[in-house]
Amino acid sequence: MSTPYAGFTEDANIVVRELTRFLEQSRSRAYPAIHQKPLGDIVDALKLEDLLSQGGLAGETLEHFLKTYLINTTRLHHPGYLAHQVTAPHPTGALGSLIDGFSNNPGTIYEMGPAATAIEIFMTNWMLKRIGWTPAPYDSAQSAAQEHGGGVLTHGGSLANLTALLAARSHMVPDFWKKGNPGNLVLLVPEQSHYSLKRSAAILGYGEDNCLALPADKEGRVDAERLPEIHDQLSAEGKKVVTLVANACGTAAGLYDPLEEIARFCRDKGIWLHVDAAHGGGALLCEELRPLTRGIHLADSVIWDAHKMLRTPAVCAAVLVRDHRTLDRAFMQDASYLIHEKDQPGYDLLHRHVECTKAALGLRFFMAFAAMGEKAMADYILDRVRLAQDAARLIAEDAALELAVMPETNIVCFRLPGDDELQLTLRKRLLERGDYYISSTMYKGKRWLRLVFMTPETTLEDVRNMLETIKALRAELP
Ligand SMILES: *Cc1c(COP(=O)(O)O)cnc(C)c1O
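In this report, the structure presented in the accompanying data block is examined.

Attention now moves to the overall build of the protein. Broken down by element type, the protein carries 19 helices and 12 strands. By the compact-globule yardstick of 23 Å for 478 residues, the protein fits well, its C-alpha radius of gyration being 24 Å. In terms of overall dimensions, the protein has C-alpha extents of about 70 × 60 × 40 Å along its principal axes. Residue burial in the protein is summarised as follows: out of 478 residues, 53% are buried. In the protein, 74% of the contacts between residues at least 6 apart in sequence involve partners at least 24 apart. Carbon and sulfur atoms form 54% of the exposed surface of the protein, whose accessible area is close to 21200 Å². Averaging the positions of the 50 positive and the 60 negative side-chain charges in the protein gives two centres separated by 2 Å.

Encoded structure:
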């Protein structure tokens, strides 16, 4: 008798075989890093219409579908993938996503997923310790009584930023939840901040115009020396600073703000400090890079993405707070009953996140990490940062290229002499070739080409070839 699960093992074998081939073809450059066919052609090639109406996605049909899907898929494991901060996931982490999808235990309701919840709390505790905060005890009675950090995983850094800013708001302006915005509140964010912060400020009811840019030095880092000046000016206008955000590191050029100086100022003025370490939190793993995050433990909240530098399949990000009670109260003023209402051998974290049902995000994170171990993960991070710095030196020495700034993380921005339009044209031409996939960004008022080194296989030789290719493309233009 046929059941919906008949053939599962055979189908899973097809999937694993094709993915293994995909990985090998990507690493060996047998196919381009990026290859974009028109949308309608892809819908046709995948036979979506027929499959949807008739079913039967199994065996050879599945194999054919998957091959077509992967041919039209951007290859993050390709050494020429230099574009975005999304990781080339560790295959074992991807198995975590499969196990999660199959067992479908939501992350943070203990009875709905004891192992999923335990791993999530274990991993956020691991992150808390890296920051220098106290991890949460595994016994919920102790948890409520003690002072310690807290965390939760969310579907990405943008949602993590929203959640952290909400925890800040509930702590700083407890009446906001019921009574709304008193009208004099402002947020201070770095000039070079991720767009999710302004968006969160608008969603949280501050109004985008009340999300003000912090003074910056000439490279775009927050200028801590000028914080008292802007604070005094805002106070004189009757404004209250609810949250100040610092980057560790910024998205565009990957620079770390001076966290310690900023934190001291925030402590002094009673301002909530939120550190956006979505990309750069990985520096906490490496002795050589850790100094960039000096003072991070003085913050009130931190976000940190696992799907960027920690080889974890998207999405998986953490909201972390120094005092767990601030996150427990983020969505309501008294959440203590949530932890204690049930007599159970673990505890729920449902009250800490926007999502109701949530994937067991800790599993993919743990599995990617545990396949490698902490030492290998730290080595990978340092190695990619070193490659970015070597690439930057190559660019700086080349008279035909301009380097934006010496990198502190695995992100390099450069441009060719010419206007912003030229940079975009060159990027487009390069992507049409397909052997290299790079991104672009605005930084210091100009358009730059941007390299992000995520793939473990990319070498300096790839960078050299890519730069020669771009220069050749430039020579073909008028
Ligand atoms: C990537 C990034 C984000 C957004 O994270 P997502 O996981 O893409 O939503 C936020 N802040 C910084 C600094 C980032 O680099």
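All right, on to the environment of Asp462 then. When you line up the elements, Asp462 lands in helix α19 (residues 460–476). Given the relative accessible area of 2%, Asp462 is considered buried. Through-space distance from the C-alpha of Asp462 to that of Pro79 is 7.2 Å; in sequence the pair is 383 residues apart. Sequence-distant contacts of Asp462, defined by excluding residues within four places in its chain, comprise Arg29, Pro79, Tyr436 and Glu457. A distance of 2.4 Å separates a polar atom in the side chain of Asp462 from a polar atom in the side chain of Arg29.

What follows deals with the site of the ligand. Surveying the vicinity of the ligand reveals 14 residues, the closest of which are Gly157, Ser158, Asp276, Asp305 and Lys308. Contact distances for the ligand include 2.7 Å between an oxygen atom and a side-chain N or O atom of Asp305. Here the ligand loses 86% of its free accessible area of 380 Å² to cover by the protein chains. Assessed atom by atom at 2 Å from the grid points, the ligand resides in the second largest pocket. Mapped onto the shell around the ligand, the elements with two or more residues apiece are α8 (157–172) and α13 (306–309). Top contributing element to the shell around the ligand by residue count: α8, with three residues. Along the lines of polarity and charge, the residues of the shell around the ligand split into two nonpolar, nine polar and three charged.

Moving on, we come to the layout of surface pockets. For the largest pocket, the calculated volume is near 710 Å³. Lining the largest pocket are 25 residues, and of these Leu19, His77, Pro89, Pro91 and Ala94 sit closest to its centre. Elements that contribute at least two residues to the lining of the largest pocket include exactly α1 (8–27), α4 (59–71) and α5 (91–103). Broken down by element, the residue count for the lining of the largest pocket peaks at seven residues, all from α1. Here the residues of the lining of the largest pocket sort into 17 nonpolar, eight polar and no charged. Looking at the second largest pocket, its volume works out to about 370 Å³. Taken together, 23 residues form the lining of the second largest pocket, with Gln85, His194, Tyr195, Thr251 and Lys308 sitting closest to its centre. When contributions to the lining of the second largest pocket are tallied by element, the ones reaching two or more residues are α8, α10 (195–203), β7 (301–305) and α13. A per-element tally of the lining of the second largest pocket places α8 first, with three residues. Its residues assigned to classes, the lining of the second largest pocket comprises six nonpolar, 13 polar and four charged.

On to the sheet that holds strand β6 (residues 272–276). If you walk across this open sheet you meet the seven strands as β2-β8-β7-β6-β5-β3-β4, and the pairing is mixed. Single-partner strands in this sheet number two, and they are β2 (150–154) and β4 (211–213). The mean angle between the axes of side-by-side strands here comes to 20 degrees, regardless of whether they run parallel or antiparallel. As paired strands, strand β3 (residues 185–189) and strand β5 (residues 240–247) are joined by four bridges and run parallel to one another. Of the residues in β5, the one forming a bridge with Leu188 is Leu244. Running over the sheet, α10 touches β3, β4, β5 and β6 and is turned about 150 degrees from β4.

The next thing to look at is the nonpolar core. Formed by 66 residues in total, the largest nonpolar core has its most connected members in Leu244, Leu285 and Leu310. Broken down by element, this core gets its largest block of residues, six residues, from helix α17 (residues 374–396). Each of domain 1 (99–372) and domain 2 (374–476) gives at least three residues to this core. Setting aside residues no more than four positions away along its own chain, Leu310 makes contact with Met127, Leu285, Trp304, Asp305, Phe365, Ala368, Phe369, Met377 and Ile381. Ranked by size, the runner-up nonpolar core spans 34 residues in total, among them Leu166, Leu185, Ala201 and Leu204.

Bringing unusual backbone geometry into the picture now. Only a minority of non-glycine residues have a phi that is not negative, and only a minority of peptide bonds are not trans. The peptide bond linking Ala248 to Cys249 adopts the cis configuration, its omega dihedral lying at 10 degrees. As for its position among the elements, Cys249 is in the loop between β5 and α12 (259–269). With phi around 50 degrees, Lys444 is a residue other than glycine that occupies positive phi space. Along the chain, Lys444 falls in the loop between β11 (437–443) and β12 (446–452). The exposure class assigned to Lys444 is partly exposed, which follows from its relative accessible area of 40%.

Conventions and cut-offs
- Residues numbered from 1 in each chain as written.
- Predicted model: local features only at pLDDT ≥ 70, side-chain atom pairs only at ≥ 80, totals over all residues.
- Heavy atoms only, no water.
- Helix = DSSP H or I, 4+ residues; strand = E, 2+ residues; numbered from the N terminus.
- Rg over C-alpha atoms; globule rule 2.2 N^0.38 Å.
- Buried < 20%, exposed > 50% of the residue type's maximum accessible area, 1.4 Å probe, protein only.
- Contact = heavy atoms within 4.5 Å.
- Areas by Shrake-Rupley, 256 points an atom, 1.4 Å probe, with all protein chains shown as cover.
- Lys, Arg positive; Asp, Glu negative; His and termini not counted.
- Charge placed at Lys NZ, Arg CZ, Asp CG, Glu CD.
- Polar contact = N/O pair within 3.5 Å; in protein donor to acceptor, adjacent residues only side chain to side chain.
- Near = heavy atom within 4 Å.
- 1 Å grid on protein atoms, 1.4 Å probe; cavity = no way out; pocket = protein on both sides within 12 Å on 5 of 7 lines; lining within 4 Å.
- Sits in = over half its atoms within 2 Å of the grid points.
- Nonpolar A, V, L, I, M, F, W, Y, C, P; charged D, E, K, R; others polar.
- Points joined across faces, edges and corners; volume = space filled by probe spheres on them.
- Pairing = 2+ DSSP bridges.
- Axes fitted to C-alpha atoms, helices over the stretch in contact; angles between N-to-C directions.
- Core = buried A, V, L, I, M, F, W, Y, C linked by side-chain atoms within 4.5 Å.
- Domains from an automatic or database assignment.

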